[in-house]
Amino acid sequence: MPSKHIYIPVNHPQQSIGYNFVELDSIDSTNTHAMKQIQAKLAEHGTTYFAHQQTAGKGRQGKVWQTEPSANIILSVILSADRLQMGNQFLISAVSALAVFDLLSTYAPKGLSIKWPNDVYYNDSKAAGILIENTVKGNKWQWCVVGIGVNINQTKFTTELVNPISLSKITQKKYVATDLAKKLCTFLEYWYQQLIEGNFESILFAYNNKLYKKGQNVKLKKDNIAFNCTIDKVNSQGKLLVKEGLQQEFEFGEVVWVIEE
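Given the structure is predicted, the values throughout are model-derived calculations rather than measurements. (Residues numbered from 1 in each chain as written. Predicted model: local features only at pLDDT ≥ 70, side-chain atom pairs only at ≥ 80, totals over all residues. Heavy atoms only, no water.)

### Describing the overall build of the protein chain
Selection rule: Here a helix means four or more residues in a row that DSSP labels H or I, a strand means two or more in a row labelled E, and each is numbered from the N terminus. We call a residue buried when its accessible area falls under 20% of the maximum for its residue type, exposed when it is over 50%, and partly exposed in between, using a 1.4 Å probe and counting protein chains only. Here, residues are in contact when the closest pair of their heavy atoms is within 4.5 Å. We get accessible surface area from the Shrake-Rupley algorithm with a probe of 1.4 Å; when it comes to residues, only the shown protein chains can shield them.
Scanning the protein chain for helices and strands turns up 5 helices and 13 strands. Put simply, the protein chain has 261 residues, and 52% of those count as buried. Contacts spanning at least 24 positions in sequence make up 62% of the contacts within the protein chain whose residues lie at least 6 apart. Of the roughly 13000 Å² that the protein chain leaves accessible, carbon and sulfur atoms contribute 48%.

### Quick word on the pairing of strand β11 (residues 240–243)
We count it as follows: Here, a strand pair is defined by DSSP locating no fewer than two bridges between the strands.
As paired strands, strand β10 (residues 225–234) and β11 are joined by 4 bridges and run antiparallel to one another. Looking at the pairing, T230 lines up with K243 of β11. In this structure, β11 lies alongside strand β12 (residues 249–250), joined through 2 bridges in antiparallel fashion. Opposite L240, over in β12, you have F250 as the bridge partner.

### Brief notes about the sheet that holds strand β13 (residues 256–257)
Spatially, β12-β11-β10-β9-β13 is the arrangement adopted by the 5 strands of the open sheet, whose pairing is antiparallel. The sheet is open, and its two edges are formed by β12 and β13, each paired on a single side.

### Regarding the pattern of salt bridges
What counts is decided by this rule: Salt bridge, as applied in this entry: a Lys or Arg side-chain nitrogen positioned within 4 Å of an Asp or Glu carboxyl oxygen.
Under the counting rule described, the total for this entry stands at 5 salt bridges. Among the ionic pairs, D124 bridges to K213, the shortest N-O distance being 3.3 Å. A residue pair is termed long-range when its members are at least 10 positions apart, and D124 in the loop between β6 (119–122) and β7 (125–137) and K213 in the loop between α5 (200–209) and β9 (217–222) qualify at 89 residues. Here K213 falls in the partly exposed class, since its relative accessible area comes to 22%. Salt bridges sharing partners connect three or more residues here, namely K239, E249 and E251.

And the structure:
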């Protein structure tokens, strides 16, 4: 079992995100660890697993999340979904991205955006990524695991990563990753409460207000067909809406961005 200790912040409401902050020295994947807690019926809403080292981190679409030990935020949060509707799954993605955006903008107030569906970018470089996994029984959404990786102090990256950047490279400062992770929990708690309270339109407005390349002409590719279009917005189902493109809306994974040197 991974070594761990529990952090309980003063005046932090019980059952809020980060109330139970579990530090893991080394783990294969914080998302895998969190899902195992759910499967073992040990899950509690708001429990956050933070890893100093992750040996088999997960990225979207089967990719691997690579990170330098003890340099960055690597965490997974267990969220109860019993008060949420299945149709709101994208909004979990949106509130998670907004929480990361709010954290980074505290230290780097300019140049940040949310790249659909939930990466956080600084100009054209990736600073953070999010992987969300759900447990569903029948037609009931039970639990959600939000895995978040944020580049904090890392300054050298493997060549497999196309365009990474860290908060340290942006600001030329060093940070305590665990302290920033706990702040991130506070931001995520705020946005999760907005979701619970049904403030869907305000969440989507905030997300689209920070959308990467919004209103700009970009090149996308679908089925090896590249085309230009203008980024419009993302709707409540998580579809990317564009103008003057091959079609007007796209599911995640249906198109890729074409980055021209």
